[in-house]
Amino acid sequence: MAAASIDADLDPLEPTLQSILDQKSLRWIFVGGKGGVGKTTTSCSLAIQLAQVRESVLLISTDPAHNLSDAFNQKFGKEARKVDGFDNLSAMEIDPNGSIQELIENAEGNAANPLGSMMQDLAFSIPGVDEAMSFAEVLKQVKSLSYSTIIFDTAPTGHTLRFLQFPTVLEKALSKISQLSGRFGPMLSGILGSQAGGAGGVEEMMGKMESMREVIGEVSKQFKDPDLTTFICVCIPEFLSLYETERMIQELNNYQIDTHCIVVNQLLFPQKGSTCPQCNARRKMQRKYLEQIEELYEDFNVVKCPLLVEEVRGSDKLRSFSKMLVEPFIPPEEDVDEE
């Protein structure tokens with residue numbers, strides 16, 4: 001069988017995420033991939049496994065779809081709260097579109113203030129600044145709390161890659177607002193000095209953004225340290241998913257963010273002697289892409305998870321699924337079509 005010879009030649013790494021659990025220095029773990037490939041199930045399951053070997057774990061959803069509440073059958077919001085049944089696992093869901101609006105309104109004290117409107121227009125004119133500001137707020141909150149490991153359940157690939165550009169985006173935002181404040185600050189002080197917020201609003205906003213930049217600068221360095229940060233790619237054995245995984249890994253290398261683990265979900269294993277033509281055809285297709293994944297990522301831990309007959313929802317089912325991330329899945333014996 002072709003796959004067997006590939007395995008023998010490459011001597012692949014252990015097909016589990018055990019190395020993530022063993023690497024005690026890891027503080028930041030991102031889980032990402034194409035939409036619908038099982039990112040949330042993987043991130044929740046990994047969090048459960050990490051909670052067994054870490055003092056405290058925080059799971060954060062940065063995906064606007066927010067599936068953590070559905071996965072655990074428990075409501076989460078923008079404040080971290082304990083996951084039912086766990087003493088050291090917390091979760092939170094943040095709105096990537098809300099933080100910058102809140103920041104502006106808080107700084108001005110009055111959403112109708114013309115300075116606030118101008119700052120809002122300026123801020124939203126910078127692509128990705130809403131996500132950057134949101135992430136900065138989250139990082140400030142996370143830093144004030146003491147968690148051993150923080151796991152990010154990220155948005156689909158395109159959003160995630162833009163998300164990782166947040167240090168550059170925020171620098172651009174600060175630069176533009178600084179220019180505006182320098183050029184028009186005295187004039188705005190005279191015009192708005194008698195209004196609530198006034199020039200003080202500009203100074204307060206600048207102060208908040210500068211403090212965010214300091215946090216982001218520090219964390220950005222940590223993200224590029226493989227001892228502290230890693231990115232786990234999740235995919236399914238199909239062309240588009242494989243293509244996006246490769247694109248994401250290349251971008252992560254550009255950002256100098258470590259990635260050495262891939263979780264392949266929804267693998268189909270028809271029973272030996274199966275007469276289901278759809279099942280056999282799909283398995284044949286999956287086998288082709290799985291072999292490509294193993295060949296492309298010979299220096300990765302490639303975890304293989306089967307397609308299940310029911311949804312993975314609730315702590316009990318997540319606990320069960322999580323075991324497949326650390327114990328190599330042994331597929332049933334199947335007929336092999338050598339075509």
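Remember, it's a predicted structure, so these values are computed and weren't measured experimentally.

Draft legend 1. Representation of the UniProt feature "binding site: ATP" (unreviewed entry) in the chain within the structure. When the UniProt feature table is mapped onto this chain, "binding site: ATP" (unreviewed entry) is found at Lys34, Gly35, Gly36, Val37, Gly38, Lys39, Thr40, Thr41, Glu238 and Asn265. Considering the arrangement of structural elements, one finds Lys34 in the loop between β1 (28–33) and α3 (39–51). Structurally, the position occupied by Val37 is in the loop between β1 and α3. Excluding anything up to four places from it in sequence, Val37 contacts Val234, Cys235, Ile236, Ser241, Asn265 and Gln266.

Draft legend 2. The arrangement of the nonpolar core in detail. Counting 37 residues, the largest nonpolar core has Leu17, Leu46, Phe72, Leu89, Ile151 and Ile232 as the members making the most contacts within it. At six residues, α3 tops the list of elements feeding residues into this core. Filtering out sequence-adjacent residues up to four positions away, Leu89 remains in contact with Ala47, Ile48, Ala51, Val57, Phe72, Arg81, Lys82 and Val83. One finds Met92, Tyr147, Met248 and Ile262 within the second-largest nonpolar core, a separate group that totals 30 residues.

Draft legend 3. Fine view of the confidence of the model for the chain. Confidence in the prediction of the chain, expressed as mean pLDDT, is 78, and 62% of residues score 70 or more. A low-confidence stretch, residues 1–8 (pLDDT under 50), is modelled with seven contacts involving residues beyond four sequence positions or located in other chains.

Draft legend 4. A look at the packing of aromatic side chains. A full pass over the atoms with the stated rule returns nine aromatic pairs. Ring centres of Phe30 and Phe231 lie 5.9 Å apart, and the angle between their planes is 10°; on these two criteria the pair is classed as stacked. With a gap of 201 residues between them, Phe30 in strand β1 and Phe231 in strand β6 (residues 229–235) connect regions that are remote in the sequence. No difference in accessibility class separates Phe30 from Phe231, as the two residues are buried.

Draft legend 5. View of the UniProt feature "binding site: Zn(2+)" (unreviewed entry) in the chain. Mapped onto this numbering, the UniProt entry gives "binding site: Zn(2+)" (unreviewed entry) at Cys276 and Cys279. With respect to the helices and strands, the residue Cys276 is situated in the loop between β7 (261–267) and α12 (277–296). In this structure, Cys279 sits in helix α12. What Cys279 contacts, discounting residues up to four positions off in sequence, is Leu268 and Pro270.

Draft legend 6. Structural context of a nonpolar patch on the surface. On the surface, a nonpolar cluster with roughly 360 Å² of combined accessible area is contributed by Phe239, Leu240 and Tyr243. By secondary structure assignment, the location of Tyr243 is in helix α11 (residues 239–254).

Analysis parameters
- Throughout this document, residue positions are counted from 1 along each chain, in the order its sequence is written.
- Where local features are concerned, this predicted model is filtered to residues with pLDDT of at least 70; where side-chain atom pairs are given and counted, the filter is 80 or more; whole-chain, interface and lining totals use all residues.
- Side-chain measures were taken over the full set of non-hydrogen atoms in the model, leaving aside hydrogen atoms and water.
- UniProt positions are given in the numbering used here, feature names are shortened, and annotations may be inferred rather than shown by experiment.
- Here a helix means four or more residues in a row that DSSP labels H or I, a strand means two or more in a row labelled E, and each is numbered from the N terminus.
- Any pair of residues with heavy atoms lying within 4.5 Å of one another is described as a contacting pair.
- As used here, the term nonpolar core means buried Ala, Val, Leu, Ile, Met, Phe, Trp, Tyr and Cys residues forming a set that is joined through side-chain atoms within 4.5 Å.
- Three exposure classes are used, based on accessible area relative to the maximum for each residue type with a 1.4 Å probe and protein chains only: buried under 20%, partly exposed in between, and exposed over 50%.
- Confidence of the predictor in every single residue is expressed as pLDDT, which spans 0 to 100.
- Think of it this way: a Phe, Tyr or Trp ring, Trp meaning its six-membered ring, pairs with another when their centres are within 6.5 Å, and the plane angle makes it stacked under 30 degrees, edge-to-face over 60, tilted otherwise.
- Patch members must show over 30% relative accessible area and no salt bridge, and they are joined within 9 Å when carrying like charges or within 5 Å when they are nonpolar side chains of Val, Leu, Ile, Met, Phe, Trp or Tyr.
- Areas reported here follow the Shrake-Rupley algorithm with a probe of radius 1.4 Å; residue values treat only the protein chains shown as occluding.
- We define a salt bridge as a contact between a side-chain nitrogen of Lys or Arg and a carboxyl oxygen of Asp or Glu at a distance within 4 Å.

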